[in-house]
Amino acid sequence: QVQLVESGGGLVQAGGSLRLSCAASGRTFSSYAMGWFRQAPGKEREFVAAISWSGGSTYYADSVKGRFTISRDNAKNTVYLQMNSLKPEDTAVYYCAAGLKLVPNDYWGQGTQVTVSS
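The structure presented is a predicted model; accordingly, all values stated were derived computationally and were not measured.

Our next topic: a nonpolar patch on the surface. Among the surface-exposed residues, Tyr59, Leu102 and Val103 lie close enough to one another that they form a single nonpolar patch of about 250 Å² accessible area. Note that tyrosine 59 resides in strand E6 (residues 58–60). The partly exposed category is assigned to tyrosine 59, whose relative accessible area is 31%.

Given below as structure tokens:
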């Protein structure tokens, strides 16, 4: 079992930056792929980024490529999402996920709100 707790969300102006963190419990963190998803009001949850268990491979949605960077620190059981050049359309609740698949979805955090004002 893995428990995930996100932090770092907030209100930022368009063009600004935020860094989200996701702290995981459990000694098997380094065995899991990790990912970030988001859900805007009235829309379905969508994939944002994922990183392999070793950190050697990363994957991004086309909408965030070149602006967002996912990384992980297995010694700290933490995964990060650095978000730069934020746009109003990035406004959503961002969820951290863990799992064994390339795009993980076995375990979920509670979410953190990101609001980008124009």
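On to the side chain of threonine 78. With respect to the element layout, threonine 78 can be found in strand E8 (residues 78–83). In this structure threonine 78 comes out as buried when scored by relative accessible area, which is 8%. With residues up to four places along the chain from it excluded, the contact list for threonine 78 reads Ser21, Cys22, Ala23, Phe29, Arg72 and Asp73.

Scanning all chains against the criterion turns up one disulfide. Residue cysteine 22 pairs covalently with cysteine 96 via a disulfide, S to S 2.1 Å. Here the S-S torsion is close to -80 degrees, and the disulfide linking cysteine 22 with cysteine 96 is therefore left-handed. With cysteine 22 in strand E3 (residues 18–24) and cysteine 96 in strand E9 (residues 92–99), this residue pair connects regions lying 74 residues apart in the sequence.

The subject of this paragraph is the pairing of strand E5 (residues 46–51). As paired elements, strand E4 (residues 33–39) and E5 share five bridges and run antiparallel to each other. Bridging from a neighbouring strand, methionine 34 pairs with isoleucine 51 of E5. Here E4 hands over to E5 after six residues, with glycine 42 in that stretch at a positive phi of 80 degrees.

Of the two faces of strand E11 (residues 112–117), only the one carrying Thr112, Val114 and Val116 is buried; Gln113, Thr115 and Ser117 on the other face are not. Of the pairings in the sheet, the one linking strand E2 (residues 10–13) to E11 comprises four bridges and is parallel in character. Of the residues in E11, the one forming a bridge with glutamine 13 is serine 117. The pairing of E9 with E11 spans three bridges and is antiparallel. For tyrosine 94, the partnering residue across the bridge sits in E11 and is threonine 112.

Right, let's talk about the sheet that holds strand E7 (residues 68–73) for a bit. Ordered by their spatial adjacency, four strands build an open sheet running E1-E3-E8-E7, and the pairing between neighbours is antiparallel. In the strand order of this sheet, the two ends are held by strand E1 (4–7) and E7, each with one partner. Averaged over all pairs of adjacent strands, the angle between strand axes in this sheet comes to 15 degrees, irrespective of strand direction. Looking at chain direction, E7 and E8 are connected through six bridges and run antiparallel. Of the residues in E8, the one forming a bridge with arginine 72 is valine 79.

Conventions adopted
Residues numbered from 1 in each chain as written. Predicted model: local features only at pLDDT ≥ 70, side-chain atom pairs only at ≥ 80, totals over all residues. Heavy atoms only, no water. Patch = residues over 30% accessible without salt bridge, like charges linked within 9 Å, V, L, I, M, F, W, Y side chains within 5 Å. Areas by Shrake-Rupley, 256 points an atom, 1.4 Å probe, with all protein chains shown as cover. Salt bridge = Lys/Arg side-chain N within 4 Å of Asp/Glu carboxyl O. Helix = DSSP H or I, 4+ residues; strand = E, 2+ residues; numbered from the N terminus. Buried < 20%, exposed > 50% of the residue type's maximum accessible area, 1.4 Å probe, protein only. Contact = heavy atoms within 4.5 Å. Disulfide = S-S within 2.5 Å. Pairing = 2+ DSSP bridges. Axes fitted to C-alpha atoms, helices over the stretch in contact; angles between N-to-C directions.

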